[in-house]
Amino acid sequence: MSQSAPAEKIHLPKTSESEQLKKIRHTTSHVMAMAVQKLFPKAQVTIGPWIENGFYYDFDSPEPFTEKDLKAIKKEMAKIIRQKLPVIREEVTREEAENRIQAIKEPYKLEILADIKSDPITIYHLGEEWWDLCAGPHLENTSELNPDAIDLESVAGAYWRGDETKAQLQRIYGTAWETPEQLAEYKRRKEEALRRDHRRLGKELGLFIFADPVGPGLPLWTPKGTVLRSTLEDFLKQEQLKRGYLPVVTPHIARIDLFKISGHWQKYQEDMFPMMAEDEASRSTEQGFVLKPMNCPFHIQIYKSQLRSYRELPIRLAEFGTVYRYEQSGELGGLTRVRGFTVDDSHLFVMPEQLETEFLKVVDLILSVFNSLRLKNFKARLSFRDPDSDKYIGSDDAWNKAEAAIRNAVETLDMDHFLGIGEAAFYGPKLDFIFQDALEREWQLGTVQVDYNLPERFELEYVAEGGSRERPVMIHRAPFGSLERLIGILIEEYAGDFPLWLAPVQLRLMCVTEEQMSFAMQTAERMRLLGIRVEVDRSGERLGKMIRNAEKEKIPVMAVIGAKELEANALSIRTRASGELGALPVDEVMARMQEAINNYADF
C-alpha cells in the first residue's frame, strides 16, 4: 500500500512581502470599522493600519467590546462584503476634508488630518455609506475579499497616540488572507505558538518567574533556570577561551559622563533608566549615576587603562554583562523583551589591517554556536545607517569604511544576506543574524558590529610598529544577543524539550520499590561526580505516575531500577529521543551519557 505524498507546506507571507495582502488587509480593516460603526453608532474610529500578520483598528467606544461583539462584527463584515461595494479613492483639499470631518463629529480624524503633511488629502469610500482618511492601497471592490479567509482575533486596550496621559481606546485585532487554507494554517500556527509559549512552558518546567513586587520585565531565575543559564554561559566561555578571549567583569552603574562621551546620553537617553543624583544641584548639572544600558564604555576603560602596543592587538575582552533598558510596559513580553538582561558581550580592539580577519573569526564563532544549539534556519542582515537620519554619530568616512568591511565579510563567506537600512546602532553598522523558528517567526539573535566612532570619541590609541600612535578599530559582538531572549526562543523552538546537554535535569532515576533507593542514591552520586545532572524520584508514587511526571517535565533520559536491575547493576533506560533501550550496565550508561553531553548529541 503506497503512502500518500505529504501535504504541501502553505506559505504565509508577511504583509510587507505582498502588495496583494496589503490591499486585502487595508480594505478589510475599513470593512471592520464600517461594521463597528453600524453596530455601535457611538464608536469613533482613530487609526487602522495593516500589521505583518493582519490589521487592527482603534476605537473610542463608551462600551467595552466583548467576544460576543466580535462575532456580531464579523457577521456584519460578511454582509458588507456581499454588498459588493466599490472602494473609491477621492482626493480633496485640506479644507474640504476638515469640513467633512467636522460634519460627522470625529475629533480623532481632525488630529490625524493635522499630521498629514502632503496635499491633496486622500479619502477612501466603501460605496456611499462610509469613508476614512487613508493613503491606501486598497482593493477595487469589497467582493474581492473572501469572508472565509477573515477572522477577528482579540480586543486589547490602547492609548491614543500611545500616550498614557491620553484617551484609553479599544483595539480590535484581525487577520485576512487570500484563501481559507491560509487562514486555517495561520490559526494552526497560532495554536502551536500557544503550545510552545515560553512564558507558559517556563512556568511549567520551573525555569523562571516574574513577581509583581520586583516589577515587570525583571525575570527571577529558579534553580533549574539558573542551571540552564549557567550551562549556556559555560559553553560560550569555553568556546571563547579557545579563541583567545579574555574575561572581564564591570559594574552595573557608572557616572553619566561616561555615557556622554560614548554618546548614549545624547542618543539613547529615552531608553535608559533615570539618573541617580545626590541632590537637586547635582541633578541640574547632570552629575550623577545611571544604570548601564551597554557594556562597551566599560570595556573601553579597561583597554585605555594602559598604553597598548601593536604586538598586543587584537585584544578580545568578554563579559556576561547585565544591562538595563527602560522598555515601555506595553512592549514587554516574557523573556524576549525585558528591562534587565545579560548580554554575552565582547569588544575586540584591532588594528585596521586586522579588521577583516577578526570579523570573519567572530562570524565563525557565531555560526559554531548556532550549530551546537541546532539553530539552522537563519539569514544575515546588513544593518546599515539611514543617510537621511540624524540619529547617528561619526563621519561619513568612518561609516563607509565600517559598512564596506561588513559587506566584504558576507561576500567572502558567501552568506545569504539582505540589507536593512536604518537598522544600524547609532555608533556603527551591524551584521545581525535573523533566526526563523519552527513557526516561521523571525528573531534577532547574534550580532557583530564594526565601530570606528567610539575609539575616536574615547581617543583610544596603540603604539604602531614604527612608534607612531594609531587608532584601533572596535568590533562589538554577541553570539547569543542576550541570555534572556535566547532562552525564550530556545524554549519555543524546542517546545521545552531541550537537547541532552542543555537540559536542567538530564537523567531521572525511578525505583520500583523502596528496596532499590540506596542503589539509586549511590548511582546518582557517581553520576554527579562526572558532571551529569541527575535526580532521584523520591515522591513515593507508583512507577507509572513517576514516568508520566518525567515525560511531562521533558526529562531527556529516564532510568527505571527494579529487582532485576539491582541484581545486574544495571539501569532500564528510556529516552525521549530514542524510546526504550532496555537494561544497560550502569558504567555503560554513564560513559554514553558523558560522550553524548560532550558532543552536544542525544543519548
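Our subject in this report is the structure included herewith. Because the structure is predicted, anything quoted here is derived from the model rather than measured.

Cut-offs used in this document
Residues numbered from 1 in each chain as written. Predicted model: local features only at pLDDT ≥ 70, side-chain atom pairs only at ≥ 80, totals over all residues. Heavy atoms only, no water. Helix = DSSP H or I, 4+ residues; strand = E, 2+ residues; numbered from the N terminus. Buried < 20%, exposed > 50% of the residue type's maximum accessible area, 1.4 Å probe, protein only. Contact = heavy atoms within 4.5 Å. Pairing = 2+ DSSP bridges. Axes fitted to C-alpha atoms, helices over the stretch in contact; angles between N-to-C directions. Salt bridge = Lys/Arg side-chain N within 4 Å of Asp/Glu carboxyl O. Parallel < 35°, antiparallel > 145°, perpendicular 65-115°, else oblique. Left-handed = near helix turned anticlockwise from the far one by under 90°. Nonpolar A, V, L, I, M, F, W, Y, C, P; charged D, E, K, R; others polar. Polar contact = N/O pair within 3.5 Å; in protein donor to acceptor, adjacent residues only side chain to side chain. Patch = residues over 30% accessible without salt bridge, like charges linked within 9 Å, V, L, I, M, F, W, Y side chains within 5 Å. Areas by Shrake-Rupley, 256 points an atom, 1.4 Å probe, with all protein chains shown as cover. Expected span 1.5 Å × (residues − 1).

**So, unusual backbone geometry**
The omega angle of the peptide bond from aspartate 119 to proline 120 is 0°, so this bond is cis rather than trans. Note on placement: proline 120 falls in the loop between helix H4 (107-115) and strand E5 (121-126). Following leucine 313, the chain continues to proline 314 via a peptide bond in cis, the omega torsion being 5°. The topology assignment puts proline 314 in the loop between strand E14 (308-309) and strand E15 (315-324). The phi angle at lysine 84 is positive, at roughly 55°, despite the residue not being glycine. The residue lysine 84 is located in the loop between helix H2 (67-82) and strand E4 (87-92) in this model. With relative accessibility at 57%, the residue lysine 84 sits in the exposed group. Positive phi, close to 65°, is recorded for arginine 374, a residue that is not glycine. Position of arginine 374 relative to the elements: it lies in the loop between helix H12 (355-372) and strand E17 (378-384). Relative accessible area serves as the criterion here: at 32%, arginine 374 is assigned to the partly exposed category.

**Things to note about the side chain of asparagine 141**
Within the secondary structure layout, asparagine 141 lies in the loop between strand E6 (130-133) and strand E7 (150-159). Dropping the residues within four chain positions of it, asparagine 141 is found in contact with Lys84, Leu85, Pro86 and Val87.

**So, the sheet that holds strand E23 (residues 473-478)**
Working definition: the strands of a sheet are paired by backbone hydrogen bonds and lie parallel or antiparallel to each other. With respect to topology, 8 strands assemble into an open sheet ordered E11-E15-E16-E23-E20-E19-E17-E18, the strand pairing being mixed. Among the strands making up the open sheet, the edge pair consists of strand E11 (246-247) and strand E18 (417-421). When E15 meets strand E16 (residues 340-350), the two strands line up antiparallel, connected through 10 bridges. Along E16, the bridge assignment pairs phenylalanine 320 with aspartate 344. Packing against the sheet, helix H11 (residues 296-304) makes contact with E15, E16 and E23, and its axis sits at approximately 40° to E16. Packed on one face of the sheet, H12 meets E15, E16, E17, strand E19 (430-436), strand E20 (442-451) and E23 and runs near 160° to E20.

**Observations regarding the pattern of salt bridges**
For the structure shown, the criterion picks out 52 salt bridges. Measuring nitrogen to oxygen at the nearest pair gives 3.4 Å for the salt bridge that ties arginine 374 to aspartate 602. With a gap of 228 residues between them, arginine 374 in the loop between H12 and E17 and aspartate 602 in the segment after helix H19 (586-598) connect regions that are remote in the sequence. Taking the relative accessible area as the measure of exposure, aspartate 602 reaches 39% and is therefore partly exposed. Where glutamate 535 meets arginine 508, a salt bridge forms, and the shortest distance between an N and an O atom there is 2.8 Å. Separated by 27 residues along the polypeptide, glutamate 535 in strand E25 (residues 534-536) and arginine 508 in strand E24 (residues 507-511) bring together distant segments of the chain. Classification of glutamate 535 as partly exposed rests on a relative accessible area of 25%. Given a relative accessible area of 5%, arginine 508 falls into the buried group. Members of the salt-bridge network, linked through shared partners, are Asp497, Glu551, Arg574, Arg576 and Glu580.

**What to know about the sheet that holds strand E22 (residues 469-470)**
Overall, mixed pairing links the 3 strands, which are arranged E14-E21-E22 in an open sheet. Edge positions in the open sheet fall to E14 and E22, since each of these has one partner strand only.

**Description of the packing of helix H1 (residues 19-39) against H2**
Axis separation between H1 and H2 bottoms out at 9 Å; the angle between their running directions is 115°. With respect to each other, H1 and H2 are oriented roughly perpendicular. Classified by chirality, the crossing of H2 by H1 is right-handed. On the side of H1, the interface is formed by Thr28, Val31, Met32, Met34, Ala35, Val36, Lys38 and Leu39, while H2 contributes Ala72, Ile73, Glu76, Met77, Ile80 and Ile81. Residues belonging to the contact of H1 with H2 are distributed by class as follows: 11 nonpolar, 1 polar and 2 charged.

**Brief notes about the side chain of arginine 508**
A distance of 2.8 Å separates polar atoms of two side chains, one belonging to arginine 508 and the other to glutamate 535. In this view, arginine 508 contacts Lys224, Glu535, Asp537, Asn549, Ala550, Glu553, Ile555, Val557, Met558 and Ala559; residues no more than four positions away in its chain are not counted.

**A look at the pairing of strand E27 (residues 570-575)**
Taken across its 6 residues, E27 has 5 buried, putting it largely inside the fold. Bridge count between E27 and strand E28 (residues 579-585): 6 bridges; the pairing is antiparallel. Counted as the bridge partner of isoleucine 573 is glycine 582 from E28. Connecting E27 to the antiparallel partner E28 that follows it, the hairpin turn spans 3 residues.

**Some thoughts on a nonpolar patch on the surface**
The grouping of Ile209, Val214 and Leu220 at the surface amounts to a nonpolar patch, some 220 Å² of accessible area in total. Along the polypeptide, valine 214 turns up in the loop between strand E9 (208-209) and strand E10 (220-221).

**A short note on helix H7 (residues 223-242)**
Think of an α-helix as turning once every 3.6 residues; residues three or four places apart then point the same way. Taking 1.5 Å per residue as the helical rise, H7 with its 20 residues ought to reach 28 Å, and the 28 Å between its terminal C-alpha atoms agrees with that figure. Among the residues of H7, Gly225, Leu228, Arg229, Thr231, Leu232, Glu233, Phe235, Leu236, Glu239 and Gln240 are the ones counted as buried. The inward-facing, buried residues of H7 abut E10, E15, E16, H12, E23 and helix H15 (483-494). Phi for glycine 244, located one or two positions after H7, is positive at around 85°.

**Notes on the environment of leucine 205**
Mapped onto the elements of the fold, leucine 205 is located in the loop between helix H6 (198-204) and E9. Exposure remark for leucine 205: the relative accessible area of 11% places this residue in the buried category. Sequence separation of leucine 205 and phenylalanine 384 is 179 residues, and the distance between their C-alpha atoms is 40 Å. Residues within four places of leucine 205 in sequence aside, it is in contact with Lys224, Gly496, Phe498, Lys552 and Glu553.

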